[in-house]
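Results of the structural survey
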Amino acid sequence: MCALLSQQDRIPNKRKIDLDDEFDSTKNYDHVRQKKKSNVLMMQHPLGIKPWGNYYLDQSNNNFKGDCRGSSLGNLAILTDDLILEILGIFDARDLLSLGLTSKVLYCFSTFDDLWKQLIIKKYNGDWYWQGTWKLTFLKRSCKEYYLEPVSNYKKSTIKLSNFYSDTLFQPFLCSSTGMEAYLGVENIDRRSNLELSDFIREYAIPNKPVIITDVVTKWPASKKWNMEYLVEKYGNVLFRAEAIDIKLNNYASYYKNTMDESPLYLFDKEFCKKCDGIDDDFSVPEYFEEDFFSVLGENRPDYRWLIIGPAHSGSTFHKDPNSTSAWNAVITGSKKWIMYPPDILPPGVFTSADEAEVTSPVSIMEWHLNFYKETQKSKPRPLEGICKEGEIIFVPNGWWHMVINLEDSIAITQNFVGTWNLKNVLLFLRDKPHQISGFSNLVWPNSKDIYNDFCVKFKKFYPGILEKLELDNNEDEKREKNKKRSSLWEQLKRRDGQEERKGFTFGILVDNE
């Protein structure tokens, strides 16, 4: 495999970082990401790829030579860019490297980093050390002799196209380079300090309303001790769950500090208290959230507590928390931008099936911001927005749609719970939506329909007389009839498609500064 590596794939150790240069695996790109790059007109892809809007602008130039796609791809030019990437997704590393030597355009396709991400996850899981891109990481992991030192007389990319247009290949670069500055102007989530428990219940728990509490996390030992260096020193060799992989924390830290991914890999581990001796001494459940009725299930309770670590631009797209639980999210380091909609308001760009079992939304958080955020400022009601800063904690009421994005490298803890004020909703969810229940052991409950009854039995033992007072609605026929009247996901998509050709990822026009 090493024999197939080209000079184009070798990146220098030290040089000036710029958006029109190759990515350097030894540098931290936080300062690049923080630049205000929301204007597409200023962006230059490292390989010279442009969005399709530029094709019409470039036609006015006297030296315009047309799109090189057709001449470079030959008969493959009949295929869409998305379909080409789908086909390349079945190639192995040697095939991709060989293909990249045939033409400049095919080099651009074969270098598409998500292809290499899938290869390394499939072959090595989390056993790798970050080298700046997924391609370089795979090659270095596969071939120890692969040379990453500076190439003599190396200045800039040896491959740079001037007339290749592709929205598909340009999108990840645009999303990863776009800053969040333009989306931080609105903060309308309540911020409170010295909040009495009785006031929290009256003003937020009962009305099911979000709030950021500013003076709780700062009292935790974690607030004074935790950062990535500390956690790596203490737990660097511990395997943590990051989406679909298990990775040692010291390996994840190399990625966390230097990635420029469009949707960075997000560490989200539910077993961290078991894996990390003494770590649960560094934090405690705030008094506002101490009541947690799922505790009656003991060790068989559903997943409920996670350590969350992610670089800037990582986060989660719009979703509702599992099993109709409420949650709290405490930021130890960094900061997070929250956008929240009440349970009955569907966020723009999000589609669901009638029972909300299926949720469709843009894969990338930045893709959603670029295409749909403006709609939130025009629609009524407008969403609640806020920044949960270092040392602060946010209450996430049950059933609320929420999107979260890390504004900087962040470490946080989150926990879901069932209290007096969301107990009824949780019971209805367990009873009426057993196939959507998550986090419970399949070994304990092979049939998810049994969870509701088992929880009720346990609950009555610890809290007799409470369930009888809840008066759960039993009119299932009426509920089914109401759901039938709701549009299916396919009908929603067809109706929306009729209004606009495609409310997906769109681009402006990029002006060359050459």
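Residues numbered from 1 in each chain as written. Predicted model: local features only at pLDDT ≥ 70, side-chain atom pairs only at ≥ 80, totals over all residues. Heavy atoms only, no water.

The name given to the protein in an unreviewed UniProt entry is JmjC domain-containing protein, and the organism recorded there is Rhizophagus irregularis.

1. Some words on the overall build of the protein
Rules: Per the convention used, a helix needs a DSSP run of H or I reaching at least four residues, while a strand needs a run of E reaching at least two, with both numbered from the N terminus. Relative accessible area decides the class of each residue, using a 1.4 Å probe on protein chains only: under 20% of the type maximum gives buried, over 50% gives exposed, and in between gives partly exposed. Note on contacts: a residue pair qualifies if any of its non-hydrogen atoms lie within 4.5 Å across the two residues. Here the accessible surface of atoms and residues is derived via Shrake-Rupley with a 1.4 Å probe, and residues count as covered only by protein chains that are part of the display.
Scanning the protein from N- to C-terminus turns up 20 helices and 15 strands. Sorting the 514 residues of the protein into buried and exposed places 53% on the buried side. Contacts spanning at least 24 positions in sequence make up 77% of the contacts within the protein whose residues lie at least 6 apart. As displayed, the protein has an accessible area near 24700 Å², and 49% of this comes from carbon and sulfur atoms.

2. Remarks on the pairing of strand β4 (residues 245–248)
Let me state the cut-off plainly: Whether two strands pair comes down to DSSP finding at least two bridges between them.
Of the two faces of β4, only one is covered, namely that formed by I245 and I247; the face formed by D246 and K248 stays uncovered. Bridging between strand β3 (residues 239–242) and β4 involves 4 bridges; their strand directions are antiparallel. Within β4, the position partnered with F240 by the bridge is I247. In this antiparallel pair of consecutive strands, β3 and β4, the connection spans 2 residues, and E243 shows a positive phi of 55 degrees.

3. Remarks on the side chain of T178
Just so we agree on the cut-off: Polar contact criterion, stated in full: a pair of N or O atoms within 3.5 Å, where within protein one must be able to donate a hydrogen and the other to accept it, and residues adjacent in sequence count only if both atoms are side-chain atoms.
For T178, the location among the structural elements is in the loop between α9 (167–177) and β1 (191–192). By relative accessible area, which is 0% here, T178 ends up buried. Polar side-chain contacts of T178 include one of 2.6 Å to the backbone oxygen of L174.

4. Structural notes on the sheet that holds strand β7 (residues 315–319)
This is how the line gets drawn: Only the stretch in contact is used when fitting a helix axis, every axis being a line fitted to C-alpha atoms; angles between N-to-C directions are given from 0 to 180 degrees.
With respect to topology, 4 strands assemble into an open sheet ordered β7-β14-β9-β12, the strand pairing being antiparallel. A strand with exactly one partner marks an edge of an open sheet, and here the two such strands are β7 and β12 (384–389). Direction aside, the axes of adjacent strands within the sheet are offset by 20 degrees on average. The strands touched by helix α15 (residues 365–378) within the sheet are β7, β9 (335–341), β12 and β14 (401–406), with β14 carrying the most contacts at an inclination of about 125 degrees.

5. Quick word on unusual backbone geometry
Here K380 and P381 are connected by a cis peptide whose omega angle stands at -5 degrees. Mapping P381 onto the fold places it in the loop between α15 and β12. The backbone of N125 shows a phi angle near 55 degrees, a positive value even though the residue is not glycine. Mapped onto the fold, N125 is located in the loop between α7 (113–124) and α8 (134–142).

6. Examining helix α13 (residues 249–258)
Where burial is concerned, most of α13 is hidden: 8 out of the 10 residues are buried. Regarding α13, the residues found buried are L249, N251, Y252, A253, S254, Y255, Y256 and N258.

7. Quick look at the packing of aromatic side chains
In plain terms, the rule: When the centres of two rings from Phe, Tyr and Trp lie within 6.5 Å, Trp using its six-membered ring, the rings pair. Their planes under 30 degrees apart give stacked, over 60 give edge-to-face, and anything left gives tilted. Only when the NZ of Lys or the CZ of Arg is both within 6 Å of the ring centre and within 35 degrees of the ring normal is a charge said to sit over the ring.
Under the criterion given, the structure shown has 41 aromatic pairs. Ring geometry for F294 and F440: centres 5.7 Å apart, planes at 85 degrees, overall edge-to-face. With F294 in the loop between α14 (272–275) and β6 (305–310) and F440 in the loop between α16 (423–432) and α17 (450–462), this residue pair connects regions lying 146 residues apart in the sequence. We note that F294, like F440, is buried. Connected via pairs of aromatic rings, a cluster forms that spans F200, Y204, W220, F272, F283, Y288, F289, W328, F395 and F417. If you follow R301 out to its NZ or CZ, it ends over the ring of Y304, 3.7 Å from the centre.

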